[in-house]
Amino acid sequence: MDFLPQQPDWLALKNELADRVREIRREIFGDYGGPVLAEALHVSFRSWRGYEQGATIPAQVILQFIELTSAHPHWLLTGEGEKFLPLDDSLEDLS
């Protein structure tokens, strides 16, 4: 009998995060916007392409990605809920 809790499938989780990050990038920057996003995040395009293919995304990069795109962290991690953070009411007052 095995009473240890089942470990998550880390590879699947990393690939799902990569898919969601790519989805956000395509929605905001377009199909060919990877280089533009990479530059905005101060990473090489080669690194960014790796992240979209399932390489581990460093914390500072994913945090910058969230800030830049307003991607909802919960959606990025789980695929559930809202894809984007709600607009800040104070920003709406400026328009």
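Structure first, text after, so check above.
These remarks concern the structure in this document. (Residues numbered from 1 in each chain as written. Predicted model: local features only at pLDDT ≥ 70, side-chain atom pairs only at ≥ 80, totals over all residues. Heavy atoms only, no water.)

1. Some remarks on the packing of aromatic side chains
Move 1: Inspection of the entire model under this criterion finds two aromatic pairs.
Move 2: Taking 5.9 Å as the distance between ring centres and 90° as the angle between the ring planes, the aromatic pair formed by W48 and Y51 counts as edge-to-face. Linking W48 with Y51, this pair stays in helix α3 (residues 45–52), spanning three residues, or about one helical turn.
Move 3: On the basis of relative accessible area, W48 is assigned to the buried category, the value being 1%.
Move 4: Taking the centre distance of 5.6 Å and the plane angle of 25° together, the rings of W48 and F65 count as stacked. Of this pair, W48 sits in helix α3 while F65 sits in helix α4 (residues 59–69); the two residues are 17 residues apart in sequence, bridging distant segments of the chain. (Phe/Tyr/Trp six-rings, centres within 6.5 Å; stacked < 30°, edge-to-face > 60°. Helix = DSSP H or I, 4+ residues; strand = E, 2+ residues; numbered from the N terminus. Buried < 20%, exposed > 50% of the residue type's maximum accessible area, 1.4 Å probe, protein only.)

2. With respect to the pattern of salt bridges
Move 1: All told, the structure shown has six salt bridges when counted by the stated rule.
Move 2: A salt bridge links E52 to R25; its shortest N-O distance comes to 2.8 Å. One end of the pair, E52, is in helix α3; the other, R25, is in helix α1 (residues 10–29), and 27 residues separate them in sequence.
Move 3: Overall, R25 belongs to the buried group, its relative accessible area being 5%. (Salt bridge = Lys/Arg side-chain N within 4 Å of Asp/Glu carboxyl O.)

3. Overview of unusual backbone geometry
Move 1: Phi is positive for H42, close to 60°, though the residue is something other than glycine.
Move 2: You can see H42 is positioned in the loop between α2 (34–40) and α3.
Move 3: A relative accessible area of 68% places H42 in the exposed class.
Move 4: With phi around 65°, S70 is a residue other than glycine that occupies positive phi space.
Move 5: Relative to the helices and strands, S70 resides in the loop between α4 and α5 (73–78).
Move 6: Assessed through its relative accessible area of 33%, S70 is described here as partly exposed.

Geometric values such as these leave the question of function open.
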